[in-house]
Structure formats: C-alpha cells, structure tokens
2 protein chains.
Amino acid sequence: MDYQKQLQNYFAEADENCLPGLSIDCVIFGFSNNQLKVLLLRWKYTEEWGLPGGFIYKTESVDVAAQRILKERTGINKLFLQQFHTFGDDVRYNREEISRKLHWPDPATRRWPNRTVSIGYFALVDFSKVTPTADFLTDECRWWDVENLPSLLFDHNHVIEVALKTLRVQLSWQPVGYNLLPEKFTMPELQRLYETILNRPLDPRNFSKKMRALGIIERLEEQRRGGAYKSPYLFRFDKEKYKKALKEGNLAFS
Amino acid sequence: MDYQKQLQNYFAEADENCLPGLSIDCVIFGFSNNQLKVLLLRWKYTEEWGLPGGFIYKTESVDVAAQRILKERTGINKLFLQQFHTFGDDVRYNREEISRKLHWPDPATRRWPNRTVSIGYFALVDFSKVTPTADFLTDECRWWDVENLPSLLFDHNHVIEVALKTLRVQLSWQPVGYNLLPEKFTMPELQRLYETILNRPLDPRNFSKKMRALGIIERLEEQRRGGAYKSPYLFRFDKEKYKKALKEGNLAFS
DNA sequence: ACTGAATATGTACGGCATACATAAAGCTTA
DNA sequence: TAAGCTTTATGTATGCCGTACATATTCAGT
C-alpha cells in the first residue's frame, strides 16, 4: 500500500471514529549532553518537522488519548504527562500550505474542518530510556535541542514555547526535573538540568545545599568513574520522601 | 415564540455555525461580604444551576469566544479572563439526564454529539460593578458563595474546584486579587480577600507590611467613614507600578 | 610527578517570613 | 458626655532561607 493510500485511510479512520476539529499535540522533553531536547517527527518524503500528535476517539478521554498517541507515535509508554494549554486561535495555520508541504490528499477528500483546536500536553522522559522510532506517517523521529529548533509545521514552535514556560514555572514548585534524569545522576548533572530549564547559571555551592536540604535525594557511596578529572558522587531520588514532601507542599524552588 | 422553539433555534444555530463537540465554561469569581462568590445561572423553568457557557463560532478564536459568551450571558464586559483547563473526560455527564432536567428538545432533533469537550476559563470581577442578568435561556443569574454551592449540572462542581485551585496558585505569584476589589478598598478588606481565597487566616501586621512592601498600592488620605468603630484608610492599586512589577516578576506572595 | 579541568564544600550577610500585643479610633448607648 | 465595645493600625525580635563568594581535592592524561 503506498503512502498516499495510507494517509487517506488514516484520515478516513479519524474522520469516522474521532472527535472532529480537535487534536492533541505532545511536547516531549528530554535531557542529554547538557541540553534540553524535544522529540520531533519528520513527515514522510518531506523535510518538515513537527510535534507528535493525533486525534481523540469518540469514546476516549482526552488524557488517555494523549498517552495513546505518545505510545503510538514514539513508542514511549506511560510517564509524566500533563495537559498545559489548549490552542484555539481561529487561524493556527494555513490548511492549504500544510497539505502542500506534507503532500496530503486533496482537502476535498477529507471531511476534516479547516480549523483544528489542539490540546497541548507535555511529557518529561528519561532520555536514556527512549528509542525514538518513526511510525508509518514519518521518516524520522529524533531529539532536537530546544535552543536550536527548525521552523516547524503548524504553530508548533509556539506550542513548544508555551510548554517551556509552563515547565519553568512548575520547576519552581516541584522538582519535576527528576523525570528527566536516569535513576542515578551526579549533582553537576542535576544542576546542569536546572540551569538549562531555567536558562540561567546557578551557584554550585548553593544549588547543592538547597537540593540536599529538600531531603528527597540521597547520595550513594558510588562515584561515577572513568570520566576525566575528579569523580563525582552519584545521587538517587528517594521516591518515598519525594511523594511525602509533595503532599506537604514544601518543595518550592526559586 | 415559546421556550422550546427558542431552544431549538439556539441549538440549530450552534449546530450550524459553531465548532462541534466543543464548548466553553466560565467560572466568574467575585468577592463581597467577606465571601468568595461564583456567578451561576438557573435554567428556565427548572431548579437547575450551572456555569455560564456556550459555543465557539467556526471562525472565532477560543479566547474571543470566551469573552463573547461572558458578555452575552451575564452582561459582563472585557476583564481578567484566563483559560485554566480543558475538560475532556469521555463521560463528563449523562446526556439523557441533562436533557430531561433542562427540558431540552429531543436529542434526535440535534446533531450535537453525545459528548462535549469543554474549555474552562475563569474571570475575576469587581462584585460591585456587576449586575447579574439572566438571558433568554435562564430565569435567574446570581452569586453563590463558593463554600456553599448547590449540586450543579454537568461536571460544573468539578470545574469550579479546578478553577479555585488555579486561582490559589496564581495568587501566590501575582496579586490577581486586585481584579476582585472595587477601586478603593481598605487593608482589612484586602486581607479578608486573601484569607478567603487561600482559605487560612493571616496575621494583619505581617499582611499589611508585605502588601505595602510590594509597592503596588498607595494609601489615600481618605478614610472609610460611617462604619462603626475605627475608620480604616482607603487604598488604591497603582496600575503603573503593578505592571512594572509584573514584568520584573517580583510579585510572589506566599 | 606534574598539569589541567572538573568536583566538593563553608561562612558571612542581608532580607524576608513569622510570631506576637497594645494603643487609638469612632460609633453606640447609658 | 463618658464609658464601652469593636475594629483598625502598627513595631520588634527571631530564625530561616537565599545569596555571594574562593579554595582544596580529585584523577585522567601526559
């Protein structure tokens, strides 16, 4: 079955079984190499990148749809996933332009309305546990530095902006950051993560003090060997204490 | 024209000109008599209360629709209005039950889908400037104490809960409260507002100190006379300084 | 063994949040 | 008109938290 046919089937199925005029966009953040990253998809036979997204089945809750879409389109399963904004401008993109860029079927073959309202979710994932995989709609799935994104389809650059803002605010309230790191990490790595998200340098002495004062991470005896220079200690989140602290609401970070 | 006819027209018009399966709900907060209030509507010929809401025209942005709906259904114009969450559970209410309760036309006469995703907005308004007015769909429009709401239509009790939570968080970041007060107010009134929203008592000495330290209110020479006991000074927000402080981001309140 | 680059850590200062109690105002009423 | 009642207005002391800041240590590489 050729791509055009597949596309037509995909849309036909969506027209039939999904909520009309509504979609979901997922902004998936990862962290690696001292850089905050976003997972993007490149549509088949094009050079056009965009966020993973999809439609909501008529009998499916929006939250569940977001998880499903994430899974279907990137292989990522069940994780920190949070609705952050609904994008409802009357002209979020030019339908003709998109169809052309993506070699989509003639608009006439679709019942899809000329306008789509999109619900934005963002996810935080452990970079090292994700194997980006392209699906049948896409040629490529890979991480991009947040600081260096290409011009994206639809209003996806804007969507990412808003997600980033939300992430920054949330970081001040709870160490969401822990979803972005592997199980064991060093203090400098944690600091680098915070610096990247908050987009400003932090003092290592104060950072360490504060993080350890929160009482939700524990230092292991283990050190990370092999890198050049002094070996840093490894840390681990104490999930019990983290949850407890969350309930008591004393996890603000500024 | 009788009510049934009007209802049918209303829905026919919505089916024709609005986005299908999407709606807006507005939670309008006001403050009076040391109580946080929400504006609710009572549907015609029923005892059923709910939030003001409506649909989005096909060529209208969601934000604009929210403003329009607010205006149409409560007479309130242009104010602090902010999207806070999109409610997308697959079963947010029982369609049959609602139709019966509200004496809506036979579902068969409507193309409207059995499910609606709703975008929630909340507004903060100066209680003294609002004259609640019922529209053609409703018999009554009035303020209810947040602490003492009836059981509402749809999932509106839940929507209000979420709006309240959002309001509390926002209050810690910026004195949104000022939208809820008349132009001139006393320090105790301001404190009562904060206490109500945050749902805990505050120390008057510390509160006053902090509020004045923010540098965004000014004390007038004027005092509020006529009440029994000592006359309190009046204050006013300094909008210039407020905006400036907002930009610099130093308005946190904890 | 020396070098270079990163890691680890303590102290002093200032500001902000908190706790806490009393005097003054102004209407009421006796 | 004086006493009483209730609300308003306000200052100080304490401790914690955020911030600024510099040096010794580690360890791979040469």
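Read on for a plain summary of the structure. Remember, predicted model here, so these are calculated numbers, not experimental data. (Residues numbered from 1 in each chain as written. Chains lettered and ligands numbered in written order. Predicted model: local features only at pLDDT ≥ 70, side-chain atom pairs only at ≥ 80, totals over all residues. Heavy atoms only, no water.)

Quick notes on the protein's contact with DNA strand C
Then, number 1: Within the structure, DNA strand C sits among 22 residues, and R205(A), K209(A), Y233(A), R205(B) and K209(B) are positioned closest to it.
Then, number 2: Those atoms of DNA strand C that come within 4 Å of the protein belong to sugar or phosphate at a rate of 44%.
Then, number 3: Between K210(B) and DNA strand C, the recorded distance is 3.4 Å, taken from a side-chain N or O atom to a phosphate oxygen.
Then, number 4: Between R225(B) and DNA strand C, the recorded distance is 3.5 Å, taken from a side-chain N or O atom to a phosphate oxygen.
Then, number 5: Counting residues per element, the ones that place at least two in the surface near DNA strand C are α5 (187-198) and α6 (204-213) of chain A together with α6 (204-213) of chain B.
Then, number 6: Counted by class, the surface near DNA strand C contains 7 nonpolar, 3 polar and 12 charged residues. (Near = heavy atom within 4 Å. Polar contact = N/O pair within 3.5 Å; in protein donor to acceptor, adjacent residues only side chain to side chain. Helix = DSSP H or I, 4+ residues; strand = E, 2+ residues; numbered from the N terminus. Nonpolar A, V, L, I, M, F, W, Y, C, P; charged D, E, K, R; others polar.)

Looking at helix α5 (residues 187-198) of chain B
Residue and element names in this part refer to chain B.
Then, number 1: Here α5 contains 12 residues, and its C-alpha end-to-end distance of 16 Å stays within 8% of the 16 Å for a straight helix at 1.5 Å per residue.
Then, number 2: When you tally the buried positions in α5, you get 9 out of 12 residues, the bulk of the element.
Then, number 3: The complete set of buried residues in α5 reads M187, L190, Q191, L193, Y194, E195, T196, I197 and L198.
Then, number 4: Just downstream of α5 lies N199, where phi reads positive at about 65°. (Expected span 1.5 Å × (residues − 1). Buried < 20%, exposed > 50% of the residue type's maximum accessible area, 1.4 Å probe, protein only.)

Quick look at the sheet that holds strand β8 (residues 184-186) of chain B
All names here are of chain B.
Then, number 1: If you walk across this open sheet you meet the 3 strands as β8-β10-β9, and the pairing is antiparallel. Each edge of the open sheet is held by one strand with a lone partner, namely β8 and β9 (217-223). Pairwise comparison of adjacent strand axes, ignoring direction, gives a mean angle of 45° for this sheet.
Then, number 2: Sheet topology note: the β9/strand β10 (residues 233-237) ladder contains 4 bridges and is antiparallel. Within the sheet, the bridge partner assigned to R219 lies in β10 and is F235. (Pairing = 2+ DSSP bridges. Axes fitted to C-alpha atoms, helices over the stretch in contact; angles between N-to-C directions.)

Some details on the sheet that holds strand β10 (residues 233-237) of chain A
Two pairing modes exist for strands in a sheet, parallel and antiparallel, and in both the strands are linked by backbone hydrogen bonds.
Residues and elements named next belong to chain A.
Then, number 1: The 3 strands lie next to each other as β8-β10-β9, forming an open sheet whose pairing is antiparallel. Strands at the two margins of the open sheet, each flanked by one partner only, are β8 (184-186) and β9 (217-223). Along the sheet, successive strands turn relative to each other by an average axial angle of 45°, direction set aside.
Then, number 2: Bridging between β8 and β10 involves 3 bridges; their strand directions are antiparallel. The residue bridging F185 from the neighbouring strand is F235, located in β10.
Then, number 3: Across the sheet, α5 lies against β8, β9 and β10, angled at about 80° from β8, the strand it touches most. (Contact = heavy atoms within 4.5 Å.)

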